[in-house]
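Take a look at the letters that make up each chain.
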Amino acid sequence: MKTDRNPNAKLTFIERFGYGAGDYAANLVYSSISAFLVVYYTLVLHVDPAVAASIIAVSKIFDGFSDLAMGYIVDHTHSKYGKARPWIARLCVPLAVCTVLMFSVPSSLVGTPQLVYMFLTYNLVSTIFYTGVNVPYATLQGLMTTDQYERGLLGNFRNLLSTFGTMTVNTVVLKMTGFFGGGDAYTQKGWTMTVAILMVLFVALNMFTFFTCRERVTVQADENAGKKESVSFAEGLKAMVTNKYRLLMVCNLFFMFFMMSIFFGTVLFFTKYNMGNENQYAMVANLLSGTQIVTLFITPFLMKKISKRYLNMSGMAIVAVACAMGGMSTSYGFICVTSVLKGIGFGFAGSTMFGCLQDAITYGEWKSGCSAAGMGNAASSFCMKIGSGLGTAAMGWNLGAGGFQSELATQSASALAAVTVSFAWVPALTAAISVVCMVFFDLDRHYDKVVAELAQGKYKDN
């Protein structure tokens, strides 16, 4: 079959679905880390939560540099499969293996050797291999088409299937760890077996993405003689920092992922200790994900009438209000209502955030004349992972400051208050900051002109 070489192509359902499947796979890793890594460190290994948080926070220093390096590598990759797709196929297996190792700390390691093992495996997963897969995956969305609506749909499919990935993790992990642990959800054997099974699925889905997606915008770039194809690292950085829309989006994504990590990482603690019933965790988490999925089916129709920017703003505003409500009661019914509201908000924001990002990168290409999609997505991935890591770390530090003790069935009042801060008040504040970022993101006024001039080989600064 002849490859579609139209950079402004309308995509087939299977290609949209194939792209979204990549984020289902990514969330088998991401959600396992954000929702359960601190749980694993504290309730399985009995590591002090503040110590676990510090390991994650320090690791993010290295993680940031690896994102920019991977973006540079993607921009300078030339293969018959394109710039981004080859890395997904090459690195998904090493990422899967290292994720299993991260959740398999040997019982023979205690004290400093245990902490060193935790640090090394976390960095192998997050700093090296997750970066090596996720930066190319994010870049792929902008290389499949320049059509703004199609990019919105790709973002929608991505978020829809990523939500299914999160729901999978929230639903099955504790059941599987309990099953493989002989009825105890917090044994090492249970966690190793559970994560190993999830990682087999992870590899299969990444290969599905590799075989079903195509890069078209790269073909146009290679054939456009007037375009700077080879972009230096310094040029790529300059193109990023002089693009206000990209800066607004990375700021938006930083606070959004900080909010999601501290919130999702605290849900089990909130249901187990504040609500007094950890069996309510799956319903509280999955009501959010289920509502988000329903919302994601609606947003493609809304995007024909409402810009991605306004949908994103509305969604994060709903999340901010719902998170604040979550700090007002521990009633099971009330918390379930807030989960439904959060699901609506996450649906609006999640379906549009990556489409807005790719539009900002396209604007930067038109503004500077430099094609640096890899570094543009790397900078955004850097901010998302820094936000995610610091959100998880902030939760651990907060629990430590509140005097949380994993061996206690009933926590102190200060520990319960710390859980509420992480579950409600910090997420409400950071979601509100994301709304402010999008107030100034008015790219929808210029985007049609940008795409039209790029198609003609015209750039603003030329």
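Data block above holds the structure.
These lines cover the structure that appears in this document, whether it is placed above or below. This structure is a prediction, so every number in the text was calculated from the model and none was measured. (Residues numbered from 1 in each chain as written. Predicted model: local features only at pLDDT ≥ 70, side-chain atom pairs only at ≥ 80, totals over all residues. Heavy atoms only, no water.)

This part takes up the pattern of salt bridges. For the coordinates displayed, the defined rule picks out six salt bridges. A salt bridge links R216 to E15; the shortest N-O distance between them is 2.8 Å. Linking R216 in the loop between α6 (188-212) and α7 (217-223) with E15 in helix α1 (residues 13-44), this pair joins segments that are 201 residues apart in sequence. For R216, a relative accessible area of 5% corresponds to the buried category. E150 serves as the salt-bridge partner of R16, at 2.8 Å between the closest nitrogen and oxygen. With R16 in helix α1 and E150 in helix α5 (residues 148-180), the pair connects residues that are 134 residues apart, well separated along the chain. In this pair, the class of R16 matches that of E150, namely buried. (Salt bridge = Lys/Arg side-chain N within 4 Å of Asp/Glu carboxyl O. Helix = DSSP H or I, 4+ residues; strand = E, 2+ residues; numbered from the N terminus. Buried < 20%, exposed > 50% of the residue type's maximum accessible area, 1.4 Å probe, protein only.)

What follows deals with the packing of α1 against α6. α6 packs onto α1 with a crossing angle of 160° between their chain directions and a minimal axis gap of 8 Å. Comparing their axes, α6 and α1 come out roughly antiparallel. The handedness of the crossing between α1 and α6 comes out as left-handed. In the contact of α1 with α6, the residues fall into 19 nonpolar, seven polar and one charged. (Axes fitted to C-alpha atoms, helices over the stretch in contact; angles between N-to-C directions. Parallel < 35°, antiparallel > 145°, perpendicular 65-115°, else oblique. Left-handed = near helix turned anticlockwise from the far one by under 90°. Nonpolar A, V, L, I, M, F, W, Y, C, P; charged D, E, K, R; others polar.)

This part is about a nonpolar patch on the surface. A cluster of nonpolar side chains, namely V58, I61, F62 and F65, defines an oily patch on the protein surface of about 430 Å² accessible area. Mapped onto the elements, V58 comes out in helix α2 (residues 49-75). (Patch = residues over 30% accessible without salt bridge, like charges linked within 9 Å, V, L, I, M, F, W, Y side chains within 5 Å. Areas by Shrake-Rupley, 256 points an atom, 1.4 Å probe, with all protein chains shown as cover.)

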